[in-house]
Amino acid sequence: MNKTPLGRYPALRLRRMRGADWSRRLMSETTLSCDDFIWAIVLKDGKGLREPIDAMPGVFRLSPDEAVKAAIEARDLGIPALALFPYTDADARTPGGEDAVNPDNLMCRAARAIKAQVPEIGLMADVALDPYTDHGHDGLLNDGVILNDETVEILVKQAVVQAAAGFDIVAPSDMMDGRVGAIRQGLDKAGYQNVQIMAYAAKYASAFYGPYREAIGSAGVLQGDKRTYQMDPANTDEALREVGLDLAEGADSVMVKPGMPYLDIVRRVKEEFAAPTFVFQVSGEYAMIRAAAQNGWLDGERAMMESLTAFKRAGANGIITYFAAEAARVLRRG
Ligand code: PBG
């Protein structure tokens, strides 16, 4: 790339191009559209339920019938897909997280209800045990150690159950080694060759998941932290190794998570692999923008749109975000 400017001040004035709206529109290098969003939705058992989440103002736990309404709204706004996450009461959790493989669990019931009424919307399922375990970890816990291969076996069953319920994308977020290949094999064997895998490939052990833990009922439950399986925020080469492995094992697309503090990872992953690359604007990122806006400390709408545009600029093909519907309404308004 030629970094020498093709000219010099005063003949060259970059402000000339920024002088009017029509010119700024022509100059724009990145376009955000409703097609870029996967809307993150939190489910809770019930009927007609829209329960506020304290740490995520504007986000509600939705019962399956309310999730159907959200799916209709998403379709009408032109949002391609929803990502569903289940809330589980502490007393319904078990050490082995058995409800994860129950074909009638909340996730599966919601998926069936949505697909019955809005078949054209894409549905993504989180594959991990943390909403179901009484210790809040993504895998099986034995004497303080997360068991890898034993967990992978259950994740395969969970993914197959989700595919059977109508999910189009299964998204393993657990960070166990070898799970993408095992899930691909399990899906194929069960006849779900066309169900996609989006690997949470570069997932960091992040403080920015805090509000999500409240949202799904893991907040008071989680024992210790997830640093033996999620990545060290200091690392970037390791992210490329994780992504490379997941693609080799059969991931259709990969994800970087969290989003805004990790834009350098998004850029490296996109440049290195040229694969469909997604980014998750996680609960803490949502909460920060929302809280500052509520305090009048920044313009919430502009911060939302700027953050989403930044993901596209960094190289993401799409964004999983709690802001999807709101941002889509802003885009539609023009
Ligand atoms: C769990 C999972 C997490 C998120 C998505 N799936 C949290 C975690 O790993 O502890 C985070 C989502 C968010 O913060 O918005 N496997």
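Each remark here, short or long, concerns the structure printed above.
Residues numbered from 1 in each chain as written. Predicted model: local features only at pLDDT ≥ 70, side-chain atom pairs only at ≥ 80, totals over all residues. Heavy atoms only, no water.

**Q** I tried to follow helix H5 (residues 179-189) on my own but got confused; where do I start?
**A** In an α-helix, one full turn covers 3.6 residues, which means residues spaced three or four apart are oriented alike. Within H5 the residues assigned to the buried category are Arg179, Val180, Ile183, Arg184, Gly186 and Leu187. Considered in projection along H5, the buried side chains sweep an arc of 165° and stay on one side of the axis. Of the exposed residues in H5, the ones pointing more than 90 degrees away from its buried face are Gln185 and Lys189. Where H5 terminates, the next one or two residues include Gly191, which has phi positive at roughly 90°. (Buried < 20%, exposed > 50% of the residue type's maximum accessible area, 1.4 Å probe, protein only. Helix = DSSP H or I, 4+ residues; strand = E, 2+ residues; numbered from the N terminus. Arc of directions from axis to C-beta.)

**Q** Help me understand the site of the ligand in this model?
**A** By nearness alone, 16 residues border the ligand, and Ser173, Lys203, Arg213, Lys257 and Tyr322 come closest of all. Here Asp130 contributes a side-chain N or O atom positioned 3.1 Å from a nitrogen atom of the ligand. Within the contact set of the ligand, an oxygen atom lies 2.8 Å away from a side-chain nitrogen or oxygen of Gln230. Here the ligand, which alone exposes 400 Å², has 100% of that area covered by the protein. Classifying every residue of the shell around the ligand gives six nonpolar, three polar and seven charged. (Near = heavy atom within 4 Å. Polar contact = N/O pair within 3.5 Å; in protein donor to acceptor, adjacent residues only side chain to side chain. Areas by Shrake-Rupley, 256 points an atom, 1.4 Å probe, with all protein chains shown as cover. Nonpolar A, V, L, I, M, F, W, Y, C, P; charged D, E, K, R; others polar.)

**Q** Teacher, can you tell me more about the pairing of strand E9 (residues 196-203) here?
**A** In regular strands, side chains alternate between the two faces of the sheet. Here E9 lies mainly inside the structure; seven of its eight residues are buried. Alignment of strand E8 (residues 169-172) against E9, held across two bridges, turns out to be parallel. What sits directly across from Val170, in E9, is Ile197. Each parallel crossover has a hand, and for E8 linked through H5 to E9 it is right-handed. Summarising the sheet, E9 and strand E10 (residues 253-257) pair through five bridges and their orientation is parallel. Across the sheet, Lys203 pairs through a bridge with Lys257, a residue of E10. (Pairing = 2+ DSSP bridges. Right-handed = clockwise from strand over helix to strand, strands pointing away.)

Purely geometric stuff here, so don't read any function into it on its own.
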